[in-house]
Amino acid sequence: MSKKLITFARANRKNPTKQEHKIWNLLKNRVVGYKFRRQHKVGNYIVDFICIEKNLIIECDGGQHNSEVDKERDEFLKSKGYKILRLWNIDIDRNMEGVYVMITKAIHTSP
């Protein structure tokens, strides 16, 4: 299972969605002051972006997300001490300034 997840994460890093690409461009140069990883394995899940130092996970959500599956996944990630910030693709496309504010706020309120 772990090897499949790692292969899946690598494929996702090579082919990000348009919104993941926009967020990565913001995060990769430490614009918000902290190091992030993308498509990172946590348990049996792959998260879009993670700041290990601040225990913060950022997820880019579009129509493909299922609230029941996300709920189970979120409960697991929270049980490991992570805070999860969900960003809707429409917000990333239309309001990057607001998204930036949400990310910096989440970073500064995380332990």
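Look up: the structure comes first, before these words.
All values derive from a computational prediction rather than experimental measurement.

A. Expanded view of the environment of Leu5. By secondary structure assignment, the location of Leu5 is in helix α1 (residues 2-14). Its relative accessible area of 11% is what places Leu5 among the buried residues. Residues Leu5 and Lys41, 36 residues apart in the sequence, show an inter-C-alpha distance of 7.2 Å. The contacts of Leu5, once residues within four sequence positions are left out, are Lys41, Gly43, Asn44, Tyr45 and Ile46.

B. Expanded view of empty space enclosed by the protein. Evaluated as defined, the whole model comprises one cavity of 30 Å³ or more. Counted as a void, the largest cavity has a volume near 60 Å³. Counting residues per element, the lining of the largest cavity draws most heavily on helix α2 (residues 18-27), which supplies three residues. Broken down by class, the residue content of the lining of the largest cavity amounts to three nonpolar, three polar and four charged.

Parameters at a glance
Residues numbered from 1 in each chain as written. Predicted model: local features only at pLDDT ≥ 70, side-chain atom pairs only at ≥ 80, totals over all residues. Heavy atoms only, no water. Helix = DSSP H or I, 4+ residues; strand = E, 2+ residues; numbered from the N terminus. Buried < 20%, exposed > 50% of the residue type's maximum accessible area, 1.4 Å probe, protein only. Contact = heavy atoms within 4.5 Å. 1 Å grid on protein atoms, 1.4 Å probe; cavity = no way out; pocket = protein on both sides within 12 Å on 5 of 7 lines; lining within 4 Å. Points joined across faces, edges and corners; volume = space filled by probe spheres on them. Nonpolar A, V, L, I, M, F, W, Y, C, P; charged D, E, K, R; others polar.

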